[in-house]
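Summary of structural features
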Amino acid sequence: QVQLVESGGGLVQAGGSLRLSCAASGRTFSNVALAWFRQAPGKDREFVAAIRWSGGYTYYGDSVKGRFTISRDNAKNTVYLQMNSLKPEDTAVYYCAAEWTYGSSWYSRQAYAYNHWGQGTQVTVSS
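Residues numbered from 1 in each chain as written. Predicted model: local features only at pLDDT ≥ 70, side-chain atom pairs only at ≥ 80, totals over all residues. Heavy atoms only, no water.

Brief notes about the state of the cysteines
Two cysteines joined by a covalent bond between their sulfur atoms form a disulfide. Short version of the rule: A pair of sulfur atoms, both from cysteines and within 2.5 Å, is called a disulfide here. Secondary structure follows DSSP: runs of H or I at least 4 residues long count as helices, runs of E at least 2 residues long count as strands, and numbering of each begins at the N terminus. Burial classes: relative accessible area under 20% of the type maximum marks a residue as buried, over 50% as exposed, and values in between as partly exposed (1.4 Å probe, protein chains only).
One pass over the structure, following the stated rule, counts one disulfide. Two residues share a disulfide in this structure: Cys22 and Cys96, whose sulfurs sit 2.1 Å from each other. Its S-S torsion of about -80° marks the bond between Cys22 and Cys96 as left-handed, since a negative value means left-handed. Residue Cys22 is found in strand β3 (residues 18-25), and its partner Cys96 is found in strand β9 (residues 92-100); the two are separated by 74 residues along the sequence. Accessibility expressed as a relative area gives 0% for Cys22, which makes it buried.

Structural notes on the environment of Gly66
Relative to the elements of secondary structure, Gly66 occurs in the loop between β6 (58-60) and β7 (68-73). A sequence separation of 33 residues divides Gly66 from Ala33, and the C-alpha atoms of the two residues are 21 Å apart.

Digging into the packing of aromatic side chains
Just so we agree on the cut-off: Here a Phe, Tyr or Trp ring, Trp counted by its six-membered ring, pairs with any other such ring whose centre lies within 6.5 Å, and the pair is stacked when the planes are under 30 degrees apart, edge-to-face when over 60, and tilted otherwise. Any Lys NZ or Arg CZ that is within 6 Å of a ring centre and within 35 degrees of that ring's normal is treated as a charge sitting over the ring.
Applying the stated criterion to the full structure yields eight aromatic pairs. Relative to Trp117, the ring of Tyr95 has its centre 6.3 Å away and its plane inclined at 80°; by these criteria the two rings are edge-to-face. Of this pair, Tyr95 sits in strand β9 while Trp117 is found in strand β10 (residues 116-117), placing the two residues 22 residues apart along the sequence. Trp117 sits in the partly exposed class, given a relative accessible area of 27%. Look at Trp106 and Tyr114: their rings are 5.5 Å apart centre to centre, the planes differ by 55°, and that puts the pair in the tilted class. Taken together, the aromatic side chains of Phe37, Phe47, Tyr59, Tyr95, Trp106, Tyr107, Tyr114 and Trp117 make up a single cluster linked through ring pairs. Stacked on the ring of Tyr80, the Lys or Arg Arg19 has its end atom at 4.2 Å from the ring centre.

Remarks on the side chain of Thr78
Note the cut-off: Within 3.5 Å is the distance limit for a polar contact, defined as a pair of N or O atoms, with the added protein rule that one can donate a hydrogen and the other accept it, and that residues adjacent in sequence qualify only through two side-chain atoms.
With respect to the secondary-structure elements, Thr78 resides in strand β8 (residues 78-83). Reaching out from Thr78, the side chain makes a polar contact with the backbone oxygen of Lys76 at a distance of 2.9 Å.

Focus: unusual backbone geometry
Even without being glycine, Asn77 reaches a positive phi, approximately 50°. Looking at the element boundaries, Asn77 is found in the loop between β7 and β8. A residue is classified by how much of its surface remains accessible, and Asn77, at 25% relative accessible area, is partly exposed. At Ser85, a position not held by glycine, the phi torsion is positive, near 50°. Tracing the backbone shows Ser85 in the loop between β8 and β9. Exposure remark for Ser85: the relative accessible area of 40% places this residue in the partly exposed category.

A look at the nonpolar core
Applied cut-off: Side-chain atoms within 4.5 Å link the members of a nonpolar core, which is a set of buried Ala, Val, Leu, Ile, Met, Phe, Trp, Tyr and Cys residues. Any two residues having at least one pair of non-hydrogen atoms within 4.5 Å are treated as being in contact.
Leu34, Trp36, Leu81, Met83 and Tyr94 are the most contacted members of the largest nonpolar core, which totals 31 residues. For this core, the secondary-structure elements that each account for two or more residues are β3, β4 (32-39), β5 (46-52), β7, β8, β9 and β11 (121-126). With five residues, the top contributor of residues to this core is β9. Beyond its immediate sequence surroundings of up to four residues, Leu34 is in contact with Leu4, Phe29, Ala49, Ala50, Ile51, Trp53, Ile70, Val79, Cys96, Ala97 and Ala98. Phe47, Tyr59, Ala113 and Tyr114 belong to the second largest nonpolar core, which has eight residues in total.

Below, the structure is given as structure tokens:
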């Protein structure tokens, strides 16, 4: 049983930083893509960033490029999202997602492509 547990959300002022963590367990970490999505009230779930476990290739949504960094810790089976220069429009529930594939080059910017999700963590950025 795959488990994804997010942590690190909270309230921060505009311009501040937060680091989210997603601890994953339950399956061997090869040929897996992990991603962060976010969802604000009344909006669709939005792609934030993704990382391919093998090779560590990273991908970002346009709205966070240059401000957010996704990374992984192989020993801890944990993926991080370092969020800098936060803006009020970054306010949302942030979700960690994972999908195992046959190839090591896959990732997706579409939420429906991921079958494993964490419970979400709230990030609120005040102006």
